[in-house]
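# Inside the fold
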Amino acid sequence: MCPYHAWTYDIDGRLKTATEREFGPHQSELGLHPVPLKNIAGLLFVALGDDLVNFDRAVAEVGEKMKHQGLEHAKLAKSVRYTVKANWKLIFENNRECYHCNTAHPQYVAGTYDTARFSPHTLPEVERQERIASERFARMGLGDAMASSEMTGAYWRAARTPLMEGWKTQSLNGNPVAPLMGTFRARDEWSAGTLRSTIFPNFWQHASDDHAVATRMTPIDATTSQVDVYWFVHKDAVEGKDYDLRKLMPFWQCTSEQDWEICEANQAGILSPRYEPGPYSNVREINVQHFVDWYLGALSGPRTHWKSVGARA
Amino acid sequence: MCPYHAWTYDIDGRLKTATEREFGPHQSELGLHPVPLKNIAGLLFVALGDDLVNFDRAVAEVGEKMKHQGLEHAKLAKSVRYTVKANWKLIFENNRECYHCNTAHPQYVAGTYDTARFSPHTLPEVERQERIASERFARMGLGDAMASSEMTGAYWRAARTPLMEGWKTQSLNGNPVAPLMGTFRARDEWSAGTLRSTIFPNFWQHASDDHAVATRMTPIDATTSQVDVYWFVHKDAVEGKDYDLRKLMPFWQCTSEQDWEICEANQAGILSPRYEPGPYSNVREINVQHFVDWYLGALSGPRTHWKSVGARA
Amino acid sequence: MCPYHAWTYDIDGRLKTATEREFGPHQSELGLHPVPLKNIAGLLFVALGDDLVNFDRAVAEVGEKMKHQGLEHAKLAKSVRYTVKANWKLIFENNRECYHCNTAHPQYVAGTYDTARFSPHTLPEVERQERIASERFARMGLGDAMASSEMTGAYWRAARTPLMEGWKTQSLNGNPVAPLMGTFRARDEWSAGTLRSTIFPNFWQHASDDHAVATRMTPIDATTSQVDVYWFVHKDAVEGKDYDLRKLMPFWQCTSEQDWEICEANQAGILSPRYEPGPYSNVREINVQHFVDWYLGALSGPRTHWKSVGARA
């Protein structure tokens with residue numbers, strides 16, 4: 001029901017209020033705009049643009065991995081809305097590389113092998129852990145393990161990444177923070193690492209065995225972005241009993257806020273009349289280049305306006 | 001006196017500070033800009049534009065009705081300044097129809113017959129109340145009663161409207177909230193309903209027997225309006241003794257804030273690239289259409305910049 | 001070190017991180033932008049524009065006076081950042097005249113002779129005090145005294161001004177608020193008045209014997225300026241023991257905030273569509289006219305982008 005004049009709509013957006021006599025047009029002409037809606041293993045995506053991309057491969061590939069995480073049976077434990085004084089593309093570029101992680105994210109790198117992969121000293125250990133994790137993931141029916149991954153499709157990817165040995169989830173010390181979700185819950189089994197999903201241009205998610213953290217961006221103006229971060233747990237989990245927000249949230253709250261800070265500093269520098277773009281690393285910023293190339297292609301080709309609207313609880 | 005350089009002006013705006021020797025121009029050239037000023041039964045209106053409309057009929061017609069309300073002997077009990085994130089025209093359109101009242105204003109519709117008039121079930125009772133009120137108003141020398149009214153002039157109207165049977169004033173329960181004002185005070189007589197005055201493009205007022213509430217809008221930018229709401233009582237009334245702001249204010253504070261909320265939602269919807277205008281009701285939004293027609297006419301013809309500046313206390 | 005990707009630079013801005021293999025360009029091509037830097041008796045100024053003015057005379061003339069104030073051995077006691085809703089030029093014009101001081105700054109005029117100089121009644125006393133101060137300043141090796149002064153160069157000036165008889169520093173009652181600084185400290189001698197330095201377009205300073213207050217403006221947009229006010233004391237002074245912020249700050253905090261208030265009112269008036277510029281006083285606003293002339297000249301000639309960045313501690 002519209003809170004202004006109380007016009008009432010069906011769940012499919014058709015107007016139920018009779019309008020022809022008093023307003024002229026018949027009610028069948030006054031329904032809500034339809035938008036395409038896709039469900040990826042419990043996450044709902046809508047397309048708001050006119051030129052739709054074919055979203056089927058993204059749905060299939062991301063959904064195939066994400067189906068283990070149990071988002072169909074999740075509830076929102078908490079969300080935080082940030083206003084970040086940076087263009088949305090700077091925030092997405094920041095998300096597309098972990099070159100900055102050693103400097104900016106001490107908590108994040110304590111639990112993941114992302115940055116270790118680029119050092120000749122630590123690479124053998126990373127490869128050993130990838131092998132161990134691959135065996136475990138295969139046994140669990142989860143597919144490959146990779147310490148970090150390139151984008152697999154034009155604008156999406158889903159990759160399962162091992163956590164540091166001994167870590168069960170993305171919490172500050174690797175200890176569980178909520179009851180197991182999805183197929184892990186069914187088997188009472190830990191350590192599927194973190195499933196990372198990324199869908200251009202405004203969504204990413206890290207799903208652990210016991211919770212998932214999704215991030216959605218909305219551009220506000222050329223130098224302002226709204227960023228919503230959502231923490232999901234199993235729908236039956238009870239706050240205070242089964243999970244504690246003070247243990248559930250810090251890992252990604254901390255890492256997210258560290259990112260907003262350097263993105264805002266980056267934006268301030270770019271606004272300087274003396275700013276000149278620097279080069280990207282051809283090793284550690286390949287995914288940034290992929291994003292830039294995709295964006296430039298999207299600008300010149302048909303538009304791809306897919307936006308996530310949150311998880312079904 | 002100017003707080004910057006202490007130049008001092010007469011009450012009519014003439015500069016009293018001598019300037020010729022030190023500044024060049026004679027002080028007679030440096031007075032304040034004159035603006036036309038009209039007094040409508042105690043409310044002062046100024047015109048800030050260059051192309052003046054003839055305001056005489058508005059002064060006469062609105063003044064004739066308003067003279068009973070005693071604003072010449074009123075004082076400001078309280079004002080509240082709102083910043084509403086909506087174009088001023090959306091707020092004025094909202095004011096020009098009560099189609100939204102049943103949904104948005106439970107407190108308002110409890111005291112007035114506006115919306116009841118459009119239902120075949122309640123119309124007979126409304127007409128009966130209008131007859132009763134018309135007789136009472138005639139006996140009091142106040143003119144007609146109408147449950148709600150169309151604009152009577154090009155850009156103004158004043159209409160006396162009965163309140164629900166048993167209501168003495170526009171308070172949450174209809175009980176008096178301040179000493180009687182104007183001619184009612186002289187005769188100790190209640191129930192002249194509410195005198196509604198509207199002057200395009202930025203003023204409206206509801207005056208009860210014991211208080212009056214005036215609203216003035218100032219456009220800030222395309223999607224922001226400043227709205228000032230003023231509560232007036234008799235100048236001799238003493239706060240805490242003769243009136244209590246907690247009883248005086250809620251009826252219109254509540255109703256106003258309900259309007260700002262739906263106007264802001266309306267503005268947000270209009271800003272969507274998918275927005276398409278809908279039709280107006282040819283029954284319940286006639287006054288909205290009148291406002292739109294007036295505005296389009298004013299845009300193409302001479303401008304009409306009348307602004308109220310508050311009541312004389 | 002850059003907090004984003006940990007690139008590390010020498011103190012002279014040369015990049016120390018090797019980049020050629022991973023990024024393409026050699027690190028020698030990726031250093032920080034060089035900017036000219038000048039030290040005026042402890043205050044560091046950088047030029048951010050492309051068309052540099054010759055800053056040598058400003059450095060020499062302002063430095064010659066300022067060298068007594070001991071800013072090379074100062075520390076920042078406190079800074080306050082203001083966001084003023086006024087164009088930066090209005091704030092600078094405000095700084096360039098004391099015509100408004102009698103009205104706006106009761107605390108300021110209690111300690112200085114600025115405004116007294118323009119009254120035929122008080123001028124003899126001002127001239128007597130200038131003579132007394134000139135003798136004292138000459139004995140101290142400090143140059144001339146002047147109750148207030150015109151700009152001496154194209155865009156800079158430094159002038160030593162006597163304080164009211166009996167006042168030792170710019171505090172609310174003229175009593176000392178911190179240990180002596182600079183050459184006064186060495187000689188344990190008071191009453192060098194206040195050394196006023198002004199450098200267009202965004203810097204001014206009042207230095208007393210025991211502290212200095214510098215103001216720096218940064219335009220944000222056409223009607224918003226960031227204004228930073230810095231209070232300096234001797235680097236060995238200990239807060240709570242040698243100085244108390246509640247005594248050090250009020251004189252200039254109060255005077256500054258009075259200025260922001262009238263500048264904001266001025267800006268609001270200028271934004272009115274009815275605004276017409278008024279004339280300047282040919283006696284008391286000569287320095288305003290000088291600023292306006294300089295600015296118009298700078299717009300048409302080479303740019304002069306000198307900005308102060310604070311004092312060396």
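A brief report on the enclosed structure follows. On a predicted model such as this, the values are computed, not experimentally measured, just so you know.

### Thoughts on the packing of helix α3 (residues 88-95) of chain A against helix α9 (residues 250-270) of chain A
All names here are of chain A. Viewed as axis vectors pointing N to C, α3 and α9 meet at an angle of 130 degrees, and their least axial separation amounts to 10 Å. In this view, α3 runs oblique relative to α9, as classed from their interaxial angle. When you trace α3 past α9, the crossing you get is right-handed. Between α3 and α9, the residues in contact are Leu90, Ile91 and Asn94 and Asp259, Trp260, Ile262, Cys263, Asn266, Gln267 and Ile270, respectively. When grouped by side-chain class, the residues that make up the contact of α3 with α9 number 6 nonpolar, 3 polar and 1 charged.

### A short note on the pairing of strand β1 (residues 37-40) of chain C
Residues and elements named next belong to chain C. Of the strand pairs in this sheet, β1 and strand β2 (residues 43-47) are connected by 4 bridges, and their pairing is antiparallel. Bridge pairing in β2 places Leu37 opposite Val46. Where β1 folds back onto β2 in an antiparallel hairpin, the turn is made up of 2 residues, including Ala41, whose phi is positive at roughly 50 degrees.

### Examining the relation of the copies chain B and chain C
Superposition record for chain B on chain C: RMSD 0.1 Å, screw rotation 120 degrees, translation along axis 0.1 Å. Both copies are brought into coincidence by an operation consistent with a three-fold rotation axis. Within chain B, Asp221 of chain B has its C-alpha nearest the rotation axis, a separation of 9.7 Å.

### Looking at the pairing of strand β5 (residues 194-199) of chain A
Residues and elements named next belong to chain A. Among the 6 residues that make up β5, 6 are buried, leaving the element largely enclosed by the rest of the structure. Residues of β5 alternate between two faces, with Thr194, Arg196 and Thr198 on one and Leu195, Ser197 and Ile199 on the opposite face, all of them buried. As defined by bridge partners, strand β4 (residues 156-161) adjoins β5 across 6 bridges and the pair is classed as antiparallel. The residue of β5 that forms the bridge with Ala158 is Ser197. Bridge count between β5 and strand β6 (residues 203-207): 5 bridges; the pairing is antiparallel. By the bridge assignment for β6, Ile199 is matched with Phe203.

### Overview of the interface of chain B and chain C
Every contact between the two is made by 17 residues of chain B and, on the other side, 18 residues of chain C. At the junction of chain B and chain C, the tally comes to 1 salt bridge. Taking the shortest distance from any N to any O, the salt bridge between Arg284 of chain C and Glu22 of chain B comes out at 2.7 Å. Where chain B meets chain C, there are 7 residue pairs in polar contact (both at pLDDT 80 or more). The residue makeup of the side of chain B that touches chain C, split by class, is 11 nonpolar, 3 polar and 3 charged.

### Regarding the sheet that holds strand β8 (residues 224-234) of chain A
All names here are of chain A. The strand order across the open sheet formed by 6 strands is β3-β8-β7-β6-β5-β4, and the pairing between neighbours is antiparallel. At either margin of the open sheet sits one strand with a lone partner, and together these are β3 (74-84) and β4. Neighbour to neighbour, the strand axes of the sheet diverge by 15 degrees on average, direction disregarded. With 9 bridges connecting them, strand β7 (residues 212-221) and β8 associate as antiparallel partners. Note that in β8 the partner of Val213 across the bridge is Trp231.

### Some remarks on the packing of aromatic side chains
Counted under the stated rule, the structure contains 62 aromatic pairs over all chains. Ring centres of Phe45 of chain B and Phe203 of chain B lie 5.1 Å apart, and the angle between their planes is 80 degrees; this geometry places the pair in the edge-to-face category. Residue Phe45 of chain B is found in strand β2 (residues 43-47), and its partner Phe203 of chain B is found in strand β6 (residues 203-207); the two are separated by 158 residues along the sequence. There is no split in this pair, since Phe45 of chain B and Phe203 of chain B are both buried. For the ring pair Trp88 of chain C and Tyr295 of chain C, a centre distance of 5.5 Å and an interplane angle of 80 degrees mean the geometry is edge-to-face. You can see Trp88 of chain C sitting in helix α3 (residues 88-95) and its partner Tyr295 of chain C sitting in helix α10 (residues 286-300), a full 207 residues away along the chain. Accessibility expressed as a relative area gives 21% for Tyr295 of chain C, which makes it partly exposed. Here the aromatic cluster, defined as three or more aromatic residues joined through ring pairs, consists of Trp88, Phe92, Phe200, Trp204, Phe291, Trp294 and Tyr295 of chain A.

### Observations regarding the environment of Ile286 of chain A
All names here are of chain A. With respect to the helices and strands, Ile286 occurs in helix α10 (residues 286-300). For the pair Ile286 and Met181, spaced 105 residues apart in sequence, the C-alpha to C-alpha distance is 33 Å. Residues within four places of Ile286 in sequence aside, it is in contact with Glu150 and Ser281.

### Examining the interface of chain A and chain C
With 18 residues of chain A in contact, the opposing surface of chain C contributes 17 residues. Here chain A and chain C share an interface that buries about 1,400 Å² over both sides, 51% of which is from carbon and sulfur atoms. Here chain A is connected to chain C by 1 salt bridge. Where chain A meets chain C, there are 7 residue pairs in polar contact (both at pLDDT 80 or more). Broken down by secondary-structure element, the contributors of at least two residues to the side of chain A that touches chain C are α3 and α9 of chain A. Here the residues of the side of chain A that touches chain C sort into 7 nonpolar, 6 polar and 5 charged.

Thresholds applied
- Residues numbered from 1 in each chain as written.
- Chains lettered and ligands numbered in written order.
- Predicted model: local features only at pLDDT ≥ 70, side-chain atom pairs only at ≥ 80, totals over all residues.
- Heavy atoms only, no water.
- Axes fitted to C-alpha atoms, helices over the stretch in contact; angles between N-to-C directions.
- Helix = DSSP H or I, 4+ residues; strand = E, 2+ residues; numbered from the N terminus.
- Parallel < 35°, antiparallel > 145°, perpendicular 65-115°, else oblique.
- Left-handed = near helix turned anticlockwise from the far one by under 90°.
- Contact = heavy atoms within 4.5 Å.
- Nonpolar A, V, L, I, M, F, W, Y, C, P; charged D, E, K, R; others polar.
- Pairing = 2+ DSSP bridges.
- Least-squares fit on C-alpha atoms with pLDDT ≥ 70 in both.
- Buried < 20%, exposed > 50% of the residue type's maximum accessible area, 1.4 Å probe, protein only.
- Salt bridge = Lys/Arg side-chain N within 4 Å of Asp/Glu carboxyl O.
- Polar contact = N/O pair within 3.5 Å; in protein donor to acceptor, adjacent residues only side chain to side chain.
- Phe/Tyr/Trp six-rings, centres within 6.5 Å; stacked < 30°, edge-to-face > 60°.
- Buried area = accessible area lost by both parts, 1.4 Å probe.

Any link to function would need more than the numbers given here.
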